[in-house]
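Breakdown of the fold
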Amino acid sequence: LSIAKVQSALLAELPESQQPVATAFIFKTTYHGKEEVWGATAAHIAKGMGKKLTLIFYNGNTKIIVPAEVVQYGPNMISDLALLKLPEKLPAEIVPLPLAQIPSTRGEAFISGGYSGHHFVYTGKQHLQKDNSRFLRTDFSVPLKHRAGLCGAPLLNAQGEVTGIHCGSVWGSDIAYAANTGVLDYLLKAQHEGSADIPLVAGPLRL
């Protein structure tokens, strides 16, 4: 009830089994002292499905439908993140996830899961191999046939905090990449204030 199946609102008339599927999640944060709840997914998913999305949560066999609107994208080549605006009042069953405030360390273990082929897929443990402040690289043991649709899934640390958002894996390899959730702070600033500068970090350089 924190992770949703994502479908395009533009394709709502198609049978559910024929619609493309991806993953999103709900998170909570504080902006200028006020707690807020937003959604997030991978930017390439949001761009492919359109700005109007349908988030489907499952409480047992009961579907919970939440409309969402894409309001911010991370810059190309810097972050594969999209910020989703949600209705002001969400169903009480929905559980927003907290964002990690401390950078991950090499070898740290994560768990994750998302929707592939209209079924929830648990990815098993993933371990951080590299963090360049924009993307996390992890090991990834999910079979190739179950990978499609997992983009947008949250990576959770041992404290249950979101450290990254799955945005792809290497074909024929046990390597995956996730957008660093630290970029969400910049997207939130842009949403509230109209713009935000995202520093580009290259080794010791911060531009």
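Residues numbered from 1 in each chain as written. Predicted model: local features only at pLDDT ≥ 70, side-chain atom pairs only at ≥ 80, totals over all residues. Heavy atoms only, no water.

Here's the deal with the overall build of the protein chain
The test is simple: Counting from the N terminus, the helices are DSSP H or I runs at least four residues long and the strands are E runs at least two residues long. Here the radius of gyration uses the C-alpha set of atoms, whereas the globule reference equals 2.2 Å times the residue count to the power 0.38. Note on exposure labels: buried denotes an accessible area under 20% of the residue type's maximum, exposed denotes more than 50%, and partly exposed covers the range between, all computed with a 1.4 Å probe on protein chains only. Here the open area of atoms and residues is found with the Shrake-Rupley method and a 1.4 Å probe, where only the protein chains shown may cover a residue. Charge assignment in this entry is limited to Lys and Arg as positive and Asp and Glu as negative, and neither His nor the chain termini are counted. Positions of charges follow a simple convention, taking NZ of Lys, CZ of Arg, CG of Asp or CD of Glu.
If you tally the helices and strands in the protein chain, you get two helices and 16 strands. Here the C-alpha radius of gyration of the protein chain, 16 Å, is about what a compact globule of 207 residues would show, namely 17 Å. Along the first, second and third principal axes, the C-alpha set of the protein chain runs to 50 × 40 × 30 Å. The buried share among the 207 residues of the protein chain stands at 47%. As displayed, the protein chain offers around 10,700 Å² of accessible surface, 55% of which is attributable to carbon and sulfur atoms. Counting 18 positive and 16 negative side-chain charges, the protein chain places the averaged centre of each group 4 Å from the other.

Things to note about the nonpolar core
Burial of nonpolar side chains together is a common tendency in soluble globular proteins. Filter applied, for reference: For this analysis, a nonpolar core means a set of buried residues of the types Ala, Val, Leu, Ile, Met, Phe, Trp, Tyr and Cys, connected via side-chain atoms within 4.5 Å. Every residue pair with non-hydrogen atoms within 4.5 Å of one another is taken to be in contact.
Counting 23 residues, the largest nonpolar core has Val6, Leu55, Phe57 and Leu84 as the members making the most contacts within it. Secondary-structure elements contributing two or more residues to this core are β1 (3–8), β2 (22–31), α1 (43–49), β4 (52–59), β5 (62–73) and β6 (82–85). Setting aside anything within four residues of it in sequence, one finds Phe57 in contact with Leu1, Ser2, Ile3, Ala4, Ile26, Thr62, Lys63, Ile64, Val66 and Ile94. Within the second largest apolar cluster, 21 residues are counted, among which are Ile78, Val183, Leu184 and Ile198.

Re the pairing of β2
Counted only if it meets this: Any two strands are treated as partners once DSSP identifies two or more bridges connecting them.
The buried count for β2 comes to eight of ten residues, which makes it a mostly enclosed element. Of the pairings in the sheet, the one linking β1 to β2 comprises four bridges and is antiparallel in character. Among the inter-strand pairings, Ala4 is bridged to a residue of β2, identified as Ala24. Pairing geometry for β2 and strand β3 (residues 34–41), over seven bridges, is antiparallel. Note on β3: the bridge partner recorded for Tyr31 is Lys34. Here β2 pairs with strand β7 (residues 97–98) via two bridges, running parallel. Following the sheet pairing, Lys28 is matched in β7 by Pro98.

A word on the side chain of Asp80
What counts, and what does not: Polar contacts, as used here, are pairs of N or O atoms within 3.5 Å; protein pairs need one atom able to donate a hydrogen and one able to accept it. Residues neighboring in sequence count only if both atoms are side-chain atoms.
Structurally, Asp80 is set in the loop between β5 and β6. A polar side-chain atom of Asp80 sits 2.9 Å from the main-chain amide nitrogen of Ala43. A distance of 2.6 Å separates the side chain of Asp80 from the side chain of His44, its partner in a polar contact. If near-sequence neighbours (up to four positions away) are discounted, Asp80 is found in contact with Thr41, Ala42, Ala43, His44, Phe135, Cys167 and Ala179.

Considerations on the packing of aromatic side chains
For clarity, the threshold we go by: Between rings of Phe, Tyr and Trp, where Trp is taken as its six-membered ring, a pair exists when centres lie within 6.5 Å; planes separated by under 30 degrees are stacked, by over 60 edge-to-face, and by other angles tilted. Lysine and arginine charges are scored as sitting over a ring when NZ or CZ, respectively, is within 6 Å of the ring centre and within 35 degrees of the ring normal.
A complete count under the given rule lists three aromatic pairs for this structure. For the ring pair Phe25 and Phe27, a centre distance of 6.1 Å and an interplane angle of 50 degrees mean the geometry is tilted. An angle of 80 degrees between the planes, with centres 5.4 Å apart, marks the rings of Tyr115 and Phe120 as edge-to-face. On the basis of relative accessibility, which here comes to 44%, the residue Phe120 falls in the partly exposed class. A cation over a ring is seen here: Lys47 above Tyr73, with NZ or CZ 5.2 Å from the ring centre.

The quantities given are spatial measurements derived from coordinates; they are silent on function.
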